[in-house]
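If you want the building blocks of each chain, they are given just below.
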Amino acid sequence: MRRQAHDTEGIPAPQGDGRQRQFTRKLGRADLRAVPETRRALRELLRHWGRPGRAETAELLTSELVTNALVHTDREAEITATVGPRGLRVEVRDFAARRPKLRVPHADSGTHGTNGRGLVLVQSLADAWGVAALGTGKVVWFELDGGAV
């Protein structure tokens, strides 16, 4: 069952029973080279995870969140990806209070129609996602279950 995006007071903990693998990476301000580097690190983390196509979906969604954090803020960011027995959770934290906006592009929007689709992809493909306000900034997260291999 897909859970919808929601605001939370805190960040829900990743599901699992302690058998987790994780990576955390700091992302420099406006450093778009971090996007493919993060994808490679995630690919390595997910090498033997999930049913076919799930790791690729995770890479796509992670790229969207990392790109958003680097393009739409003027600060650093941090990504944490956690894989446990029940699935994957990716969190991208930035230090800007401005909340991301879910924009559905319109066919007649011209050249601007190529922007704003990242969260639509996250909403469509993630099993759960959300935004949590933090003392300084926010975290945008998504979860995917691995499904039967």
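Computed from a predicted model, the values in this text were never measured in an experiment. (Residues numbered from 1 in each chain as written. Predicted model: local features only at pLDDT ≥ 70, side-chain atom pairs only at ≥ 80, totals over all residues. Heavy atoms only, no water.)

Got a minute to help me understand the packing of aromatic side chains in this structure?
Here the distance between the centres and the angle between the planes together describe a pair of aromatic rings. By the definition in use, this model includes 0 aromatic pairs. Above the face of the Trp141 ring, Arg89 is positioned so that its terminal group lies 4.3 Å from the ring centre. (Phe/Tyr/Trp six-rings, centres within 6.5 Å; stacked < 30°, edge-to-face > 60°. Lys NZ or Arg CZ within 6 Å of the ring centre and 35° of its normal.)

I keep staring at the pattern of salt bridges and nothing clicks. Help me out?
A side chain of one charge can pair with a side chain of the opposite charge if their charged atoms are brought near each other. Within the structure shown, the criterion is met by 11 salt bridges. Put simply, Lys26 and Glu78 hold a salt bridge, and the shortest N to O gap is 2.5 Å. In this pair, Lys26 sits in strand S2 (residues 21-27) while Glu78 sits in strand S3 (residues 77-84), placing the two residues 52 residues apart along the sequence. On the basis of relative accessible area, Lys26 is assigned to the exposed category, the value being 65%. Glu78 sits in the partly exposed class, given a relative accessible area of 22%. Ionic pairing is found between Arg39 and Glu59, a salt bridge with its closest N-O pair at 3.5 Å. Note that Arg39 is positioned in helix H1 (residues 34-45) and Glu59 in helix H2 (residues 54-71), a separation of 20 residues in sequence. Here Arg39 falls in the partly exposed class, since its relative accessible area comes to 28%. Owing to a relative accessible area of 6%, Glu59 belongs among the buried residues under this scheme. Beyond isolated ion pairs, a larger network of salt bridges with shared partners links Arg51, Arg54, Asp127 and Asp145. (Salt bridge = Lys/Arg side-chain N within 4 Å of Asp/Glu carboxyl O. Helix = DSSP H or I, 4+ residues; strand = E, 2+ residues; numbered from the N terminus. Buried < 20%, exposed > 50% of the residue type's maximum accessible area, 1.4 Å probe, protein only.)

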